[in-house]
Amino acid sequence: MKREDFGLDVNEPEPSPYSQVLTIKEMAKDERPRERAISYGIETLTTAELLAIILRTGQPGLPVTDLCRQLMNDNNNSLLRLEQRSRNELMLTKGIGSAKALQLEAMMEVMRRYRQESLDKKNSQFYIIKDSETIYERMRYRIANLDHEEVWIMLLNRRNQVIKEFCSTSGSSIASVFDTKMILKRALLENAEGIVMCHNHPSGNLRPSLQDDNITHKLSAACKAMDLRMLDHLIVTTRGYYSYNDEGRLNQ
């Protein structure tokens, strides 16, 4: 993959390792991210400066603060865009090698786990599914921003509390590998009373496809045969969600 494939300016000159760019140590103390965070509070730093503290080092002639500003510029100053990048795409930014790309991936994963832990604590031991909004709240940070489709299943007890959740299918064509039998087997092993299905559309399109309809109706019919309640199937994107239940299409 080339810089132009990533939306970067191919005519942008690469920084020379011998250019006279200040290092972090040569900057005035008030301009150093760590010193500013200590003096004025971590919340006063820009996103690029926060990333500079995490990544710690730059390259000869390329301070980590400049590196992180370029990284954010390459991603429209959006953490959502940054999260979408693969490891190879992250490494297209000058100064980001495999180690720094891995640090960025780890940071994003910590953010997702923090959000999940916050949801679990807010809802005590078990997360309670009340409506489509609570399903979306739980799943959007997990799958909305992925660059591929994943199908996730929530298994519920009779009080609609989540007792188990797992990714059942991952890939570009989920309909071809969707495994209804495996989902029902897991539900029965966990003594589940209800099922919720969620999957993402990386394109951001909220309109269900014919394949989406087919797997929804297939799982819904199978749940009925096994005396399990299928509460909903959500299509999840960063822009919002589509609920088969809200639209009255779950049992069609």
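Given the structure is predicted, the values throughout are model-derived calculations rather than measurements.

Mapping R115 onto the fold places it in helix α6 (residues 98-122). What makes R115 partly exposed here is its relative accessible area of 24%. Separated by 26 residues in the primary sequence, R115 and Y141 place their C-alpha atoms 7.5 Å from one another. With near-sequence residues (within four places) excluded, R115 lies in contact with E137, R140 and Y141.

The sheet built from five strands is open, its strands ordered β2-β1-β3-β4-β5 with mixed pairing. Edge positions in the sheet fall to β2 (162-171) and β5 (240-243), since each of these pairs with one other strand and no more. The mean angle between the axes of side-by-side strands here comes to 20°, regardless of whether they run parallel or antiparallel. The pairing of strand β4 (residues 229-237) with β5 spans four bridges and is classified as antiparallel. Counterpart to I235 in the pairing with β5 is Y242. Packing of helix α7 (residues 132-143) onto the sheet brings it into contact with β1 (149-156), β2, β3 (194-200), β4 and β5, and relative to β4 it is tilted by some 45°. Along the sheet face, helix α9 (residues 180-189) touches β1, β2 and β3 and points at about 165° away from the line of β2.

What counts, and where the lines are drawn
Residues numbered from 1 in each chain as written. Predicted model: local features only at pLDDT ≥ 70, side-chain atom pairs only at ≥ 80, totals over all residues. Heavy atoms only, no water. Helix = DSSP H or I, 4+ residues; strand = E, 2+ residues; numbered from the N terminus. Buried < 20%, exposed > 50% of the residue type's maximum accessible area, 1.4 Å probe, protein only. Contact = heavy atoms within 4.5 Å. Pairing = 2+ DSSP bridges. Axes fitted to C-alpha atoms, helices over the stretch in contact; angles between N-to-C directions.

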